[in-house]
Amino acid sequence: MSNLFQNDLYTLDSLKPSLIYLIFKQAESLRKSSPTSLLKILRGKLAALLFYEPSSRTFSSFSSAMKRLGGQTIEYQNPLQTSSAVKGETIEDSAIVFSNYVDAIIVRHPETGTVKRMADIVSIPVINAGDGIGEHPTQALLDLYTIWRKHKSLDNLKGLMAGDLKNGRTIHSLLKGLSKFKSNTVYLLSPKELKLSEKDKKEYRDQGVTLIEITSSSEIPADCHYWYWTRVQKERFDDVKEYEKLKLRFILNKKLVNEKAGEKTLLMHPLPRVGEIAVDVDSDPRATYLDEQLKNGMYIRMALLKMILSK
Ligand code: NCD
C-alpha cells in the first residue's frame, strides 16, 4: 500500500479520494487490532519529530502513533532553542542531518513552505504537522475521517466553518480535502477581518466546493452535517489589540447549539480552544472535540505512518 504515497505528505493536493478512503480503512483496521500485534508493524523504524511551533495533540498523537506501532522517535519540541538551529543551522542542513539518522521526519514550522523545502532536499519521507498559515494535512485527514465515520460519506455534505478562516491552516486543509469529494457546501462564518483570502476561495471553488459566506450566527442553516469551530490564531497577529477585538466574536455555546444545530450535527474543533467553545457544550452527545476527534487523530496518524514506513 505504501507505494500509493509519493513518500512525503506536506499537502493534501496529490491525495485522491480513493487513497483517502484507503487511509480510513487502514485506520479502522488498526483501531480493532490488539496492542501487542500492532507492535510488530514499525519495529526497527525511527522518526524525528521536529516541532518549531508549540503543539500538544499533533506532537503527542504522532509520538504515540509511532510507539504504538513499535517504532521509536527522536523528539524536539522547540528546536530553535535546543538543536543546532540555535547556532544558525539552516533548515535544509537540519533536514539532511536528521535524514542520516531516521526513517521519516515529522515537522511543524511557523513558515508556510518550509516543510516542502525540507521534503525537497532529503529522500526520506517528510510529513507536514502544520506549516504556518499553510496546511495541516494530517489534521484534515482526521477531520474528514471523523465526519465520514458519522455520516458514512464525504459527498453531498452541508457544513459550517467558523472562526479564523484567514489564518487557520486546519480550515485550509479541510476545505482542500472536502473539495475532492462531490457536491459539498460549506458555510463560512467569521469576522470580516478573518475571512478566507480571495485566492483561497477561488482555489477551493475551482476544485468544486460551494462556499457561502455568512456574517452572523443567525444565518447558520438548519441540519448541517458538521460545525467546525476554530480559535482566532493569536500568533499570526502583529497587533495584539486587533486580536483581542476579534478573538471571541463567535462563540459556540449551548444556546446556539439548541437553536441551530441539527440532531446529527457533529460539533468539531481542532483544539486548543481559548474561549470560543463554552464548556457547557462538552457534554452534548454531538460534541467530538474532546474524545472521538482526538482518538481519530491517533488512528489516522498510525495508518499514515504504517502506509508510509512499512515496506
Ligand atoms: C491546530 C494547529 O496547530 O493548526 N491545532 C492542532 O494541530 N490540533 C489548530 C490551532 O492551533 O488553532
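Computed from a prediction, not measured in an experiment: that's the story for all the values here.

**A closer look at empty space enclosed by the protein**
- Under the definition given, this model contains one cavity of 30 Å³ or more.
- Taken as a whole, the largest cavity encloses approximately 40 Å³ of empty space.
- As for the largest cavity, its lining consists of Gly163, Pro191, Thr230, Val232, Leu246, Lys247, Arg249, Phe250 and Glu276.

**Observations regarding the layout of surface pockets**
- Counted as a void, the largest pocket has a volume near 610 Å³.
- Together, 32 residues line the largest pocket, and Arg57, Thr58, Pro270, Leu271 and Pro272 are the ones closest to its centre.
- Looking at the lining of the largest pocket, the elements with two or more residues in it are α3 (57–68), α7 (137–151), α8 (169–178) and α12 (292–309).
- Considering only residue class, the lining of the largest pocket consists of seven nonpolar, 15 polar and ten charged.
- Counting only domains with at least three residues in the lining of the largest pocket, you end up with domain 1 (2–136 + 298–309) and domain 2 (137–293).

**What to know about the domain arrangement of the protein chain**
- Domain boundaries in the protein chain define domain 1 (2–136 + 298–309) and domain 2 (137–293).
- A separation of 25 Å is found between the C-alpha centroids of domain 1 and domain 2.
- Facing 33 residues of domain 1, the contacting portion of domain 2 comprises 25 residues.
- In total, domain 1 and domain 2 occlude about 2600 Å² of area from one another, counting both sides; carbon and sulfur atoms represent 60% of this.
- Here the side of domain 1 that touches domain 2 takes eight residues from helix α1 (residues 17–32), the largest share from any one element.

**Brief notes about the site of the ligand**
- In the region of the ligand, the neighbouring residues are Arg57, Thr58, Arg108, His136, Gln139, Arg169, Thr170, Arg231, Gln233, Pro270, Leu271 and Pro272.
- Here an oxygen atom of the ligand sits 3.0 Å away from a polar atom, N or O, in the side chain of Arg108.
- Against a free-state accessible area of 320 Å², the protein chains account for coverage of 94% of the ligand.
- When each cavity is represented as a set of grid points, the ligand is found to reside in the largest pocket.
- For the shell around the ligand, the elements supplying multiple residues, two or more each, are α3 and α8.
- Of the residues contributing to the shell around the ligand, the split by class is three nonpolar, five polar and four charged.
- When residues of the shell around the ligand are assigned to domains, at least three fall in each of domain 1 (2–136 + 298–309) and domain 2 (137–293).

**Looking at the packing of aromatic side chains**
- Throughout the structure, instances matching the rule amount to ten aromatic pairs.
- For the pair Tyr21 and Trp148, a centre-to-centre distance of 6.4 Å together with 55° between the ring planes defines the contact as tilted. One end of the pair, Tyr21, is in helix α1; the other, Trp148, is in helix α7, and 127 residues separate them in sequence.
- When its relative accessible area of 30% is taken as the criterion, Tyr21 is described as partly exposed.

**Remarks on the sheet that holds strand β4 (residues 126–131)**
- Strand order in the open sheet formed by four strands is β2-β1-β3-β4, and the pairing between neighbours is parallel. Two strands close off the open sheet at either side, each with one partner strand: β2 (72–77) and β4. Neighbouring strand axes in the sheet, compared pairwise and without regard to direction, differ in orientation by 10° on average.
- As paired strands, strand β1 (residues 46–51) and strand β3 (residues 104–109) are joined by five bridges and run parallel to one another.

**Section: the packing of α7 against α8**
- It is the contact of α7 with α8, at a shortest axis distance of 8 Å, that shows an interaxial angle of 55°. Taken together, the axes of α7 and α8 lie oblique to each other. Relative to α8, α7 is oriented so that their crossing is right-handed. Taken together, the residues of α8 that come into contact with α7 (itself represented by Pro137, Gln139, Ala140, Asp143 and Leu144) are Thr170, Ser173, Leu174, Gly177 and Leu178.
- When its residues are assigned to classes, the contact of α7 with α8 shows five nonpolar, four polar and one charged.

**Focus on the sheet that holds strand β9 (residues 266–268)**
- Read across the sheet, five strands follow the order β7-β6-β5-β8-β9 without closing on themselves; strand pairing throughout is parallel. Edge positions in the sheet fall to β7 (210–214) and β9, since each has one partner strand and no second. When strand polarity is set aside, the average angle formed by the axes of neighbouring strands in this sheet is 20°.
- As defined by bridge partners, strand β5 (residues 158–162) adjoins strand β8 (residues 226–229) across four bridges and the pair is classed as parallel. Bridge pairing in β8 places Leu160 opposite Trp227.

Calculation criteria
- Residues numbered from 1 in each chain as written.
- Predicted model: local features only at pLDDT ≥ 70, side-chain atom pairs only at ≥ 80, totals over all residues.
- Heavy atoms only, no water.
- 1 Å grid on protein atoms, 1.4 Å probe; cavity = no way out; pocket = protein on both sides within 12 Å on 5 of 7 lines; lining within 4 Å.
- Points joined across faces, edges and corners; volume = space filled by probe spheres on them.
- Helix = DSSP H or I, 4+ residues; strand = E, 2+ residues; numbered from the N terminus.
- Nonpolar A, V, L, I, M, F, W, Y, C, P; charged D, E, K, R; others polar.
- Domains from an automatic or database assignment.
- Contact = heavy atoms within 4.5 Å.
- Buried area = accessible area lost by both parts, 1.4 Å probe.
- Near = heavy atom within 4 Å.
- Polar contact = N/O pair within 3.5 Å; in protein donor to acceptor, adjacent residues only side chain to side chain.
- Areas by Shrake-Rupley, 256 points an atom, 1.4 Å probe, with all protein chains shown as cover.
- Sits in = over half its atoms within 2 Å of the grid points.
- Phe/Tyr/Trp six-rings, centres within 6.5 Å; stacked < 30°, edge-to-face > 60°.
- Buried < 20%, exposed > 50% of the residue type's maximum accessible area, 1.4 Å probe, protein only.
- Pairing = 2+ DSSP bridges.
- Axes fitted to C-alpha atoms, helices over the stretch in contact; angles between N-to-C directions.
- Parallel < 35°, antiparallel > 145°, perpendicular 65-115°, else oblique.
- Left-handed = near helix turned anticlockwise from the far one by under 90°.

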